[in-house]
Amino acid sequence: MDNAGSFDDLIPLLPKYFYICMDLPGHGKSDPLPPILPIHSADYLLAIKVVVDYFQRDKYIYMGHSYGGQMGMLFSRLYPHLIEKLILLDTLHFVTKPADAFKSVMITAIEESLELDRKTKTRSPPQYTYEEAVKKVMQARRNPISERAAKNLLKRSLKKVGEDKFELTIDQRLKFVLSPLHDNRYAIEVLKSAPLQCPVLIILGEDSKILRSFLLPVLEHLKRQKCVKIVYMKGDHDVHQVSPERVAPFVCEFLNYNKSKL
């Protein structure tokens with residue numbers, strides 16, 4: 001549910017490049033996808049490809065945090081000729097699910113999507129003062145982010161509806177995005193059949209372990225790949241927002257290296 005504002009404090013610390021920061025549909029200032037239907041990760045693959053085609057560059061360096069990084073992991077393997085380098089910020093791969101969870105995951109996604117559709121048709125969006133909105137965004141994750149990071153996100157996801165009254169513009173369907181369903185075995189087999197072909201930097205927060213606990217076999221596979229560099233640093237899931245000065249030196253070094261040196 002974040003947006004391009006996630007990188008407001010990191011990018012000024014990085015080398016001079018032409019940066020394209022994308023709000024995926026339903027995030028930030030981008031329009032939502034058509035209503036009613038659940039959102040699937042394939043929808044966002046199409047959106048990324050539209051942006052890539054629009055700018056008509058021969059190569060891109062893809063940097064993504066959390067779900068945006070998971071999309072980058074997939075996109076870079078589908079279109080390896082377009083991605084020169086890949087930077088993943090506290091993310092690895094779509095979360096895997098054991099085979100015996102397939103039915104419950106699908107039913108839950110369908111029923112929760114229908115319930116959400118009913119609620120949005122019969123209820124008005126909640127309204128907040130600016131201070132309340134900042135507090136909500138700060139505390140809307142397991143490890144609260146800083147006030148500054150929350151305000152960066154709100155620059156692109158807050159709509160004024162009255163005197164000191166605001167609504168969040170985030171597409172509520174993002175709570176139930178459907179991603180490809182697979183277990184760790186299948187994920188690793190696909191990583192072998194459609195491998196990473198570019199240099200990859202993965203920065204992981206030492207205090208952010210929930211995602212890695214599901215993907216430990218995938219992480220071990222990635223550690224064995226010569227093109228992958230993994231860095232652990234003090235911080236949690238949003239370390240690039242809360243402490244960009246910690247993240248920037250590793251990203252700068254990675255960007256400045258020639259491919260032949262990695």
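Here, the structure is the one placed above.
This structure is a prediction, so every number in the text was calculated from the model and none was measured.

Participant: Please clarify how the overall build of the chain should be interpreted in this entry.
Facilitator: Across its full length, the chain holds ten helices and six strands. Here the chain has a C-alpha radius of gyration of 19 Å; the compact-globule value for 262 residues is 18 Å, and the two agree. Along the three orthogonal principal directions, the C-alpha set of the chain runs to about 55 × 45 × 40 Å. Residue burial in the chain is summarised as follows: out of 262 residues, 45% are buried. In the chain, the share of contacts with a sequence separation of at least 24, taken over all contacts with a separation of at least 6, comes to 74%. Accessible surface, the chain: about 14,600 Å² in total, of which carbon and sulfur atoms supply 56%. Computed over 38 positive and 31 negative side-chain charges, the separation of the two mean positions in the chain equals 4 Å.

Participant: Looking at this structure, how should I read the packing of helix α4 (residues 130–138) against helix α5 (residues 147–154)?
Facilitator: Any two packed helices are characterised by how steeply their axes cross, that is the angle between the axes, and by the distance between the axes. Where α4 contacts α5, the axes come no closer than 9 Å and their chain directions differ by 110 degrees. One element, α4, and the other, α5, form an angle in the roughly perpendicular class. Residues Tyr130, Ala133, Val134, Val137 and Met138 of α4 touch α5, and the partners they reach there are Glu147, Ala150, Lys151, Leu153 and Leu154. Along the lines of polarity and charge, the residues of the contact of α4 with α5 split into eight nonpolar, no polar and two charged.

Participant: So what exactly am I meant to see when it comes to the packing of aromatic side chains here?
Facilitator: The description of two aromatic rings rests on the distance between their centres and on the angle between their planes. Counting across every chain of the model gives seven aromatic pairs. Measuring from centroid to centroid gives 6.2 Å for tyrosine 67 and phenylalanine 94, while their planes differ by 50 degrees, and the two rings are tilted. Here the residue tyrosine 67 occupies a position in helix α2 (residues 67–78), and phenylalanine 94 occupies one in the loop between β2 (83–89) and α3 (102–122), the gap between them amounting to 27 residues. The exposure class assigned to tyrosine 67 is buried, which follows from its relative accessible area of 19%. Given a relative accessible area of 4%, phenylalanine 94 falls into the buried group. The interplanar angle of 65 degrees and the centroid separation of 6.1 Å between the aromatic rings of tyrosine 130 and phenylalanine 166 together place this pair among those described as edge-to-face. Taken together, the residues span a long stretch of sequence, with tyrosine 130 in helix α4 and phenylalanine 166 in strand β4 (residues 165–168) at a distance of 36 residues.

Participant: Explain a positive patch on the surface here, please?
Facilitator: Among the surface-exposed residues, Lys119, Arg123, Lys136 and Lys175 lie close enough to one another that they form a single positively charged patch. Inspection of the secondary structure puts lysine 136 in helix α4.

Participant: Is there a simple way to think about unusual backbone geometry in this case?
Facilitator: Negative phi values dominate among residues other than glycine, just as trans dominates among peptide bonds. Non-glycine residue serine 66 carries a positive phi angle of around 55 degrees. Summarising the element assignment, serine 66 is placed in the loop between β1 (60–65) and α2. Even without being glycine, aspartate 164 reaches a positive phi, approximately 55 degrees. In this structure, aspartate 164 sits in the loop between β3 (158–162) and β4.

Participant: Where do I start with the sheet that holds β2 in this structure?
Facilitator: For sheets, the rule is that strands pair by backbone hydrogen bonds, running either parallel or antiparallel. An order of β1-β2-β5-β6 is seen for the four strands of this open sheet, with the pairing classed as parallel. Either end of the sheet is taken by a strand with one partner, and the two such strands are β1 and β6 (228–233). Sheet twist, expressed as the average angle between the axes of neighbouring strands with direction ignored, equals 15 degrees. Bridge analysis of β2 against strand β5 (residues 200–205) gives four bridges, and the strand direction is parallel. Within the sheet, the bridge partner assigned to leucine 86 lies in β5 and is valine 200.

Participant: What is the right way to look at the side chain of aspartate 171 in this model?
Facilitator: Position of aspartate 171 among the secondary structure elements: in the loop between β4 and α6 (184–193). If sequence neighbours within four positions are ignored, aspartate 171 has contacts with Gly26, Pro32, Leu33 and Ile39.

Participant: Sorry, what's going on with the pattern of salt bridges here?
Facilitator: Once the charged atoms of two side chains with opposite charge are near each other, the side chains can pair. Evaluation of the coordinates by the stated rule reveals 14 salt bridges. Residues arginine 118 and glutamate 115 are paired through a salt bridge, measuring 2.9 Å at the closest nitrogen-oxygen approach. One end of the pair, arginine 118, and the other, glutamate 115, are both in helix α3, three residues apart, so they sit about a helical turn from each other. The residue glutamate 147 makes a salt bridge to lysine 151 at a minimum N-O spacing of 2.9 Å. Of the two residues, glutamate 147 and lysine 151 are both situated in helix α5; the distance of four residues between them amounts to about one turn of the helix. The partly exposed category is assigned to glutamate 147, whose relative accessible area is 43%. In this structure, a network of salt bridges that share partners links the residues Asp2, Arg141 and Asp238.

So, how was this worked out
Counting starts from 1 at the beginning of each chain's written sequence and moves along it residue by residue. Reporting of local features is limited, given that this is a predicted model, to residues whose pLDDT is at least 70; pairs of side-chain atoms are given and counted only at 80 or more, and all residues count toward the totals for whole chains, interfaces and linings. Only hydrogens and water are set aside when side-chain values are computed; all heavy atoms of the structure are taken into account. Per the convention used, a helix needs a DSSP run of H or I reaching at least four residues, while a strand needs a run of E reaching at least two, with both numbered from the N terminus. A radius of gyration in this sense is built from C-alpha atoms; the matching globule rule multiplies 2.2 Å by the number of residues raised to 0.38. The buried label goes to any residue with under 20% of its type's maximum accessible area, the exposed label to any with over 50%, and the partly exposed label to all in between, with areas taken from a 1.4 Å probe on protein chains only. Residue contacts follow a heavy-atom distance rule, with two residues in contact if any of their heavy atoms lie within 4.5 Å. Method for areas: the Shrake-Rupley scheme with a 1.4 Å probe, in which residue coverage is limited to the protein chains shown. Neither His nor the chain ends is counted toward charge; the positive residues are Lys and Arg and the negative residues Asp and Glu. For this purpose, a charge sits on NZ of Lys, CZ of Arg, CG of Asp or CD of Glu. Axis definition: a line fitted to C-alpha atoms, limited for helices to the stretch in contact. Angles are taken between N-to-C directions and run from 0 to 180 degrees. An angle below 35 degrees is read as roughly parallel, one above 145 as roughly antiparallel, one from 65 to 115 as roughly perpendicular, and any other as oblique. In this classification, Asp, Glu, Lys and Arg are treated as charged, Ala, Val, Leu, Ile, Met, Phe, Trp, Tyr, Cys and Pro as nonpolar, and every other residue, Gly included, as polar. Each Phe, Tyr or Trp ring, with Trp reduced to its six-membered ring, pairs with another whose centre is within 6.5 Å; inter-plane angles below 30 degrees give stacked pairs, above 60 give edge-to-face pairs, and intermediate values give tilted ones. Patches draw on residues past 30% relative accessible area with no salt bridge. Two like charges within 9 Å are joined, as are two nonpolar side chains (Val, Leu, Ile, Met, Phe, Trp, Tyr) within 5 Å. Salt bridges are identified by distance alone: a Lys or Arg side-chain nitrogen within 4 Å of an Asp or Glu carboxyl oxygen. Strand pairing follows a simple DSSP-based rule, namely that at least 2 bridges must link the two strands.

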